[in-house]
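# Structure assessment
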Amino acid sequence: MRSCWWSLVLSICLGTNLAYASTAAVASPDRYGAETSQLILHQGGNAVDAAIATAFTLAVTYPEAGNIGGGGFMVIWFEGKPYFLDYRETAPLQASRDMYLDEDRQVIDELSLIGHLASGVPGTVMGLWQAHQRFGTLPWADLLQPAIALANQGFIVPENLQQYGGNALERYQGKTNFADYFAAMTAGHLFKQPELAATLSRIANQGAAEFYMGETASLIVAEMQRGAGFITADDLAQYQAVWREPLIFPWRDYQLVTVAPPSSGGIALSQLLGLKQLRLDDFKAQQHNSAGYVHLLAEIYKRVFADRADYLGDPAFTKVPQQELLAADYLAQRASEINPQAISATKQIRPGLESAQTTHFSIVDHAGNAVSNTYTLNLDFGSGVVVTGAGFLLNNEMDDFSIKPGVPNAFGVVGGAANAIEPGKRMLSSMTPSILVQDNEVRLVIGTPGGSTIFTSVFQVITNLYDFGMPLADAVAAPRFHHQLLPKNQLAMEPYQPLSDEVQQQLSEMGYQLHLQRWSLGDIQAIQLTDRGIEAIADPRGRGKALLIEPVATEEQSQLDGSTM
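Now for a description of the structure that goes with this document. (Residues numbered from 1 in each chain as written. Predicted model: local features only at pLDDT ≥ 70, side-chain atom pairs only at ≥ 80, totals over all residues. Heavy atoms only, no water.)

### Let's talk about the overall build of the protein chain
The cut-off we apply is this: Segments assigned H or I by DSSP are reported as helices when at least four residues long, segments assigned E as strands when at least two residues long, and all are numbered from the N terminus. Based on C-alpha atoms, the radius of gyration is set beside the globule rule, defined as 2.2 Å times the residue count to the power 0.38. Each residue is assigned to one of three classes by its accessible area relative to the maximum for its type, calculated with a 1.4 Å probe on protein chains only: buried under 20%, partly exposed between the two thresholds, exposed over 50%. Using a 1.4 Å probe, accessible areas were evaluated by the Shrake-Rupley method; residue-level cover was limited to the displayed protein chains. In this charge count, Lys and Arg are treated as positive and Asp and Glu as negative; neither His nor the chain ends contribute. To locate a charge, take NZ of a lysine, CZ of an arginine, CG of an aspartate or CD of a glutamate.
Each helix and strand counted, the protein chain has 20 helices and 18 strands in total. In summary, the protein chain has a C-alpha radius of gyration of 23 Å against a globular reference of 24 Å for 565 residues, a match within 12%. Along the three orthogonal principal directions, the C-alpha set of the protein chain runs to about 65 × 65 × 40 Å. A total of 565 residues make up the protein chain; the buried ones form 61% of that total. Surface exposure of the protein chain reaches about 20700 Å², of which carbon and sulfur atoms provide 49%. Side chains of the protein chain give 35 positive and 57 negative charges; the mean places of these two sets differ by 5 Å.

### Quick look at the pairing of strand β2 (residues 71-78)
Defined as follows: Whether two strands pair comes down to DSSP finding at least two bridges between them.
Most of β2 is tucked away, with eight of its eight residues classed as buried. Of the two faces of β2, the one holding Gly71, Phe73, Val75 and Trp77 and the one holding Gly72, Met74, Ile76 and Phe78 are both buried throughout. Pairing of β2 with strand β10 (residues 370-376) involves seven bridges; the strand directions are antiparallel. Opposite Met74, over in β10, you have Asn373 as the bridge partner.

### Brief notes about the sheet that holds strand β17 (residues 533-538)
What counts here: Convention adopted: a line fitted to C-alpha atoms gives each axis, helices being fitted over their contacting stretch, and angles between N-to-C directions are expressed from 0 to 180 degrees. A contact between two residues is defined here by any heavy atoms of the two lying within 4.5 Å.
On the basis of which strands lie adjacent, the open sheet formed by six strands has the order β7-β8-β11-β12-β16-β17 and antiparallel pairing. Among the strands making up the open sheet, the edge pair consists of β7 (247-251) and β17. Taking the axes of each pair of neighbouring strands and ignoring which way they run, one obtains an average angle of 20° across the sheet. Bridging between strand β12 (residues 441-446) and strand β16 (residues 525-530) involves two bridges; their strand directions are antiparallel. Across the sheet, residue Val445 finds its bridge partner in β16, namely Ile527. Strands β7, β8 (254-258) and β11 (434-438) of the sheet are contacted by helix α12 (residues 265-278), whose axis makes an angle of about 10° with β7.

### What to know about the pairing of strand β14 (residues 490-493)
Here is the rule: Orient the strands so they point away from the viewer; a crossover is then right-handed if the path from the first strand over the helix to the second runs clockwise.
Across two bridges, the pairing between strand β13 (residues 481-482) and β14 is antiparallel. Paired with Phe481 across the two strands is Met493, which belongs to β14. As judged from the four bridges shared by β14 and strand β15 (residues 513-516), these two strands associate in the parallel manner. Paired with Met493 across the strands is Leu516, a residue of β15. At this point the chain moves from β14, through helix α19 (residues 501-510), to the parallel β15, and the crossover so formed is right-handed.

### Concerning the packing of aromatic side chains
The geometry of an aromatic ring pair comes down to the distance between the two centres and the angle between the two planes. Quick note on the threshold: Here a Phe, Tyr or Trp ring, Trp counted by its six-membered ring, pairs with any other such ring whose centre lies within 6.5 Å, and the pair is stacked when the planes are under 30 degrees apart, edge-to-face when over 60, and tilted otherwise. For a lysine, the NZ atom is tested; for an arginine, the CZ atom; a charge sits over a ring if that atom is within 6 Å of the ring centre and within 35 degrees of the ring normal.
Tallied over the entire structure, the rule returns 25 aromatic pairs. Residues Trp251 and Tyr466 carry aromatic rings whose centres are separated by 5.9 Å and whose planes lie at 85° to one another, so their mutual orientation is edge-to-face. Accessibility expressed as a relative area gives 19% for Tyr466, which makes it buried. Each ring, one from Phe283 and one from Tyr293, has its centre 5.7 Å from the other, and the planes form 80°; the classification is edge-to-face. One end of the pair, Phe283, is in helix α13 (residues 280-284); the other, Tyr293, is in helix α14 (residues 291-311), and 10 residues separate them in sequence. Like Phe283, the residue Tyr293 is buried in the burial classification. Here a set of aromatic residues connected by ring pairs shows up, and it is made of Tyr32, Phe155, Tyr172, Phe178, Phe182, Phe191 and Phe381. For Arg31, the ring lying beneath its charged end belongs to Tyr32, and the centroid distance is 4.3 Å. Against the face of Trp243 rests Arg134, its NZ or CZ located 4.6 Å from the ring centre.

### A look at the packing of helix α2 (residues 31-43) against helix α3 (residues 47-61)
Defined as follows: Under this scheme an angle from 65 to 115 degrees is roughly perpendicular, one under 35 degrees roughly parallel, and one over 145 degrees roughly antiparallel; angles in between are oblique. Note on convention: the crossing is left-handed when the near helix lies turned anticlockwise from the far helix by less than a right angle, right-handed when the turn is clockwise.
Where α2 meets α3, the axes come as close as 8 Å, and the angle between the chain directions of the two elements is 150°. Judged on the interaxial angle alone, α3 and α2 are roughly antiparallel. Between α2 and α3 lies a crossing of right-handed hand. Here α2 contributes Tyr32, Gly33, Thr36, Ser37, Ile40 and Leu41 to the contact with α3, which in turn contributes Ala47, Asp49, Ala50, Ala53, Thr54, Thr57, Leu58 and Thr61.

### Some details on the sheet that holds strand β6 (residues 242-244)
The seven strands lie next to each other as β6-β3-β2-β10-β9-β1-β18, forming an open sheet whose pairing is antiparallel. Taken across any chain shown, the strands that pair with only one partner, and hence form the sheet edges, are β6 and β18 (545-549). Put simply, the sheet's adjacent strands are angled 15° from each other on average, direction ignored. Each of β1 (24-28), β9 (358-364) and β18 is contacted by α2, which is oriented at about 15° to β18, the strand it contacts most. In the packing of helix α4 (residues 124-135) onto the sheet, the strands contacted are β2, β3 (81-87), β6 and β10, and the crossing angle to β3 comes to about 155°.

### Things to note about the pattern of salt bridges
Quick reminder of the rule: Whenever Lys or Arg places a side-chain nitrogen within 4 Å of a carboxyl oxygen from Asp or Glu, that contact is recorded as a salt bridge.
Under the counting rule described, the total for this entry stands at 26 salt bridges. One salt bridge in this structure joins Asp86 and Arg426, with 3.1 Å as the shortest N-O distance. Just as Asp86 is buried, Arg426 falls in that class too. Among the charged side chains, a network of salt bridges with common partners joins Glu299, Lys302, Arg303, Asp307, Arg334 and Glu337.

### Some words on the environment of Pro262
Mapped onto the elements, Pro262 comes out in the loop between β8 and α12. Along the backbone, Pro262 and Phe73 are 189 residues apart, and their C-alpha atoms lie at a distance of 9.7 Å.

### Thoughts on α3
Worth spelling out the cut-off: Expected helix span is taken as 1.5 Å per residue step, with the number of steps being one fewer than the number of residues. In protein, a polar contact means a hydrogen-donor-capable atom and an acceptor-capable atom, both N or O and within 3.5 Å, with residues adjacent in sequence counting only if both atoms are side-chain atoms; elsewhere, any N or O pair within 3.5 Å suffices.
End to end, α3 covers 20 Å across 15 residues, agreeing with the expected 21 Å (1.5 Å per residue, within 8%). Of all 15 residues in α3, 15 are buried; the element is thus mostly enclosed. If you check the start of α3, you find a side-chain oxygen 3.0 Å away from the backbone N of Val48, and it comes from Asn46.

### Some remarks on unusual backbone geometry
Residue Pro262 is bonded to the preceding Pro261 through a cis peptide linkage, with omega at 25°. Even without glycine at this site, Glu79 takes up a positive phi of about 50°. Examined against the element boundaries, Glu79 turns out to sit in the loop between β2 and β3. The phi dihedral of Arg252 is positive, around 55°, even though this residue is not glycine.

Functional significance is not addressed by these values, which are geometric in nature.
Below, the structure is given as structure tokens:
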């Protein structure tokens, strides 16, 4: 009944359906996002139109990560060509390298995570606007109508969102205004957000300029002033999304189309695929997720994270040696260092050159265009600060900078000078929205949330698909694990599906410290296209929904064959 109500609301908002030639698909972190994509595609929109509408919908129904107060990356395959849109947040102009350190140069607890100083300048609205300006076909205002309807009329709160919200109420109690807006969120009941609906309506009518220079911008600045935050009117007015060259990495007979810096994810995923390919002989004797298999991947992971810590950052502020890190001779050198029998000593793993919460969705339209989009507030519900009068949460992405060289962030990742705080700089990310292409045709659209575990999760699913021949559903549902150099010799497992007891025992005997974390490793949203057809999967770890979207008849054809619209 609820699904019918939502479909009716969207049908009223969006009007008549149009016709297409082949099946489309969406994999979204919740059902509202999936159904929004479906109806936008039926309306005649393309994959980018659907992505924009889905992103705004998730800002309403997936508030722990969907957002207009954060930022992200979009990888697009459109009419046979790849594109990469960077709408990552930036450090405010008043930000400084040591802004989270006390007079003894020690990190001040939670300052980069909770409250007004934790937020970078949001990029989501500008990113979605720029995507629409370049590729959109439906009117901008129409794409926001599903989100506006859900904010005004409410959505049914799922149990796991209620659980996250309850934890956030405790985390932010007495520190931010989070409870003023989200304390009433109750599982199984409608949750309405009238202030957010008004904000989205202004953006629908006036475009991105409203968010960055209009009434919403004024509300953001006023909120910053209430909490001694750094984001100013100048920060907002100067923000721009950036079209960058996507990273294209040849792998077997595919091309991996993925993100370039300021995300580390594309380089890391490319290195993982390349290094594993160079050690195929070691992997041939290993069963999936056996102790030997896990160990070999851990050996690869730690070298990739060592490179990430030293070399990667915002390319506008630091020279990123992307070509060198992906060069065949460099990958061969790194592959030769791997010890298939024992753990390499952590202190000996150095950069090789000389010198969690996010959300993701994947969309393929009826014409074969594709969008892989990952965007975030960083941790669940970001900084916990809601813009008073505007109804949306601000990010805590400033923690993704290297607050102090050698000191880990909230995901346990260390960094150096390349990712130090500077005014206007984009913080390093692990987001890895990616598309696999073969013979100029999309074969896989994939991505996930998960902080530093993002690219290892995407890598494991790709390996499950193409090395072990698993069906897409099995490849996504299989147990995942993670290793990132530090903490020393630690292997993270997930409560969703830990490694077998036997494998755990063998890994412990090798010297690994096994850590069962509280959250699952990622929430993969994937679409695979093969000679057999198209398949879409939402990770069973989350509350996502995947849909195959069949072509619908035109109004004219419907009249001819006697069908009804």
